[in-house]
Amino acid sequence: MQTLRQRIIRTGRSLWTHIGTARHRARSKPPQSRPRQAPEPLPAASQAVHTVEAKASVPSSRLRHGRVSVVEQRIVVEDPDESGDFATLQVPEHPLLSVLVDGSPVVGDVVVHQSQRIELVTRRQSGRRSYRLSVTPDSLAVIAKAEVEPGLCLHIPHQPPQHSLQLVIEERSNPPEPDDPDVIRRMIQERGFQGDIDEQAILEVTSAAASTERVILRGRPAQLEEPARYEAVTLPTEYDVLLRRKRLQTVQAGATLARLVPGVPGVPGRDVFGRVIPAHVPTRLPALGQNVVEVGGRVVAVASGRPVVDTERIDVIPELTLERDIGRNDGVIEFDGHVTIHGSVLEGSILRVRGQLVVHGDVVASTACAGEGVWVRGSIVNADVAAGFSDAHTRKLAAQVRRLEEAFAPFHGNYLTLLQDPRVNGTNLRRLGHILLTEKHTQLMQLLDEVAADKGCALGEYPAAYRRLADLVAQHWTGIARTRLGPADVEKLALTLDECERALRVLQDAEPAPVVADSLSLSRVSATGTVTVRGAGVYASEVEAQSILVRGIVRGGRLVAQTAVQVGEIGTPTGLDGAVEVKQADGRIACSIRHPNVRFCIGRAVHRNLLSEFRVAYRGEESLAAVAERECAGP
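About the thresholds
Residues numbered from 1 in each chain as written. Predicted model: local features only at pLDDT ≥ 70, side-chain atom pairs only at ≥ 80, totals over all residues. Heavy atoms only, no water. Buried < 20%, exposed > 50% of the residue type's maximum accessible area, 1.4 Å probe, protein only. Helix = DSSP H or I, 4+ residues; strand = E, 2+ residues; numbered from the N terminus. Arc of directions from axis to C-beta. Pairing = 2+ DSSP bridges. Contact = heavy atoms within 4.5 Å. Axes fitted to C-alpha atoms, helices over the stretch in contact; angles between N-to-C directions. Phe/Tyr/Trp six-rings, centres within 6.5 Å; stacked < 30°, edge-to-face > 60°. Lys NZ or Arg CZ within 6 Å of the ring centre and 35° of its normal. Core = buried A, V, L, I, M, F, W, Y, C linked by side-chain atoms within 4.5 Å.

Draft legend 1. Structural detail: helix H7 (residues 442-452). Of all the residues in H7, the buried ones are Leu444, Met445, Leu447, Leu448, Val451 and Ala452. Seen end-on, H7 carries its buried residues on one side only, within an arc spanning 165°. Within H7, the exposed residues directed more than 90 degrees away from the buried face are Gln443 and Gln446.

Laid out in structure tokens, this is it:
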């Protein structure tokens, strides 16, 4: 349809062109006088053939039609020759485009020629730019974000001459004009920000062609101080065959353990709100134990023993070495350090050790408690062995010491204030503490009585620092003794409380204490770490630990762990009762041979087997519960 329509239009235009040309020639030629002769009549068929021949006498290849083109955003028109067609221009409709022909806007198909005044008018749609300020989480910088909505402009590309030209327009982004930088400066002033302004960043934001953000204002960060610290001195180490690890060698009194590195002061800063940023770094130096002193910036041992240098404390732990067996005649051995016995612990012995207990023989029918672990080269037979301090006890004691410190602080302050009163003299000075306790600080008196009641607990249950606190309170702060309190007693309690609080914090962060032995028989063993049995196995014993590893056989008894139990063989072919329990729901039980009638428990799931099992491993209570459900369902 479009081709036919164009042909009809082109034919009509040619006809009007011929008519116009004929009229023009008739006007331009002067009239000539010639005799009028009657034309000879011709047949109609001859006229039609002549007309066709006349038309065919002009070759179509020589016709020059009108053309229109676009050059440098202007419309250029070329008229046709006498027999050609005029050019047409197809103008699209667009809100930013106007094509004026002799001052009148046109849209669609338009016939154009050179005598017309054709104007091409394009307009621009302006963009806009908005700003938003934000502060970084550390309050040390202000960020300006420019949200740019670009405008629109038209571009008319070059188009070669064509008889029928469709005007092509290209839409292009039109970024907004740059804004005045004072816009950002006023926003900074209105928000009250303070700091160093980055003028270049403001210019980039206010002239951005696309959405962008820049840091336009910065505060002054603090130059943090370097706190003082203790730098450990390199000490010789030795390899312990039984412990299977390296440890520091013993040192003699007078040895240097660490050096004090003085701190470097810092420079305070200021954030964008004008608030001061302190340069002080809160830190705490390791506590110095009883067997070390600081002399001229050096930490020096005042006693011989095994050094301990870590982030919490620097101390020398005395080490007791016995080159023989110990028994009932040695009585109760309590030692606030490490104990090494090159022999066996025989019937009736009681050992309470704060550090490590190393026995190169057997432990038989005795009691042994150590705060940092128990290593036995031989067997543990009919004995009670405990390693580490219970987390529950430690948390309970730490809470009690905190309550005691909170109640003692106001008493201490009131006591020091009254000491400055001139009316207090030697006669009533001894009664001052008793009067404050009974009249104003009754809660402190009750807490002191509770601590004194715990002084008889074993070292395996309560740490030595707490026992020293309990002994001090029982001797000077209870009963009739509190009526003779002096300034030295008050200061001694303040120091002991601080030492006990530090010691309990160290215990809470201490590594789990293990128990290692060749075999266990008829014994009770507990540890905050791992119980490892390297030899024959465990027989009729109760074991409770964080995790349990038995490379041999487990016959009878009960194994209880928090996380995992791994054994070689458990139970007997005759079905002797046995039990393994892991308290955590995601715990693990593994064994190579599981004889009948052995009870496994993980979390709340329980399973007792009726037949022997080989190379079993259960992880999580779901796996154990699934096995129990399958057996209940039957085949």
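Draft legend 2. The sheet that holds strand S8 (residues 128-135), seen in detail. Reading across from one edge, S8-S9-S15-S14 is the order of the four strands in this open sheet, with antiparallel pairing throughout. Where the open sheet ends on each side, the last strands, each with one partner, are S8 and strand S14 (196-197). Both strand S9 (residues 141-149) and strand S15 (residues 212-218) contribute to a ladder of six bridges, which runs antiparallel. For Ala144, the partnering residue across the bridge sits in S15 and is Arg214. On top of the sheet, helix H3 (residues 182-191) reaches S8, S14 and S15; it is set at about 35° to S8, its chief contact. Across the sheet, helix H4 (residues 199-206) touches S8, S9, S14 and S15, and the angle it forms with S15 is around 155°.

Draft legend 3. Spotlight on the packing of aromatic side chains. By the definition in use, this model includes six aromatic pairs. Centre to centre, the rings of Phe411 and Trp477 are 5.9 Å apart; their planes meet at 75°, and the pair counts as edge-to-face. Placement of Phe411 in helix H5 (residues 391-419) and of Trp477 in the loop between helix H8 (464-476) and helix H9 (487-508) is noted, with a sequence separation of 66 residues between them. The side chain of Arg594 reaches across the aromatic face of Phe600, ending 3.8 Å from its centre.

Draft legend 4. Representation of the nonpolar core within the structure. Grouped together as the largest cluster of nonpolar side chains are 51 residues, with contacts concentrated most on Leu357, Ile380, Val515 and Phe600. Excluding its chain neighbours within four sequence positions, the residues that come into contact with Leu357 are Val339, Ile341, Leu351, Ala368, Ala370, Gly373, Val374 and Trp375. Leu447, Trp477, Val490 and Leu493 belong to the second-largest nonpolar core, a separate cluster that totals 28 residues.

Draft legend 5. Spotlight on the environment of Arg67. The residue Arg67 is located in strand S1 (residues 67-71) in this model. Arg67 gets classed as partly exposed once you look at its relative accessible area, which sits at 36%. Taking the C-alpha atoms as reference points, Arg67 and Asp79, twelve residues apart in sequence, are found 6.7 Å from one another. If we skip the residues at most four places from it in the chain, Arg67 touches Val76, Val77, Glu78, Ala87, Pro161, Gln162 and His163.

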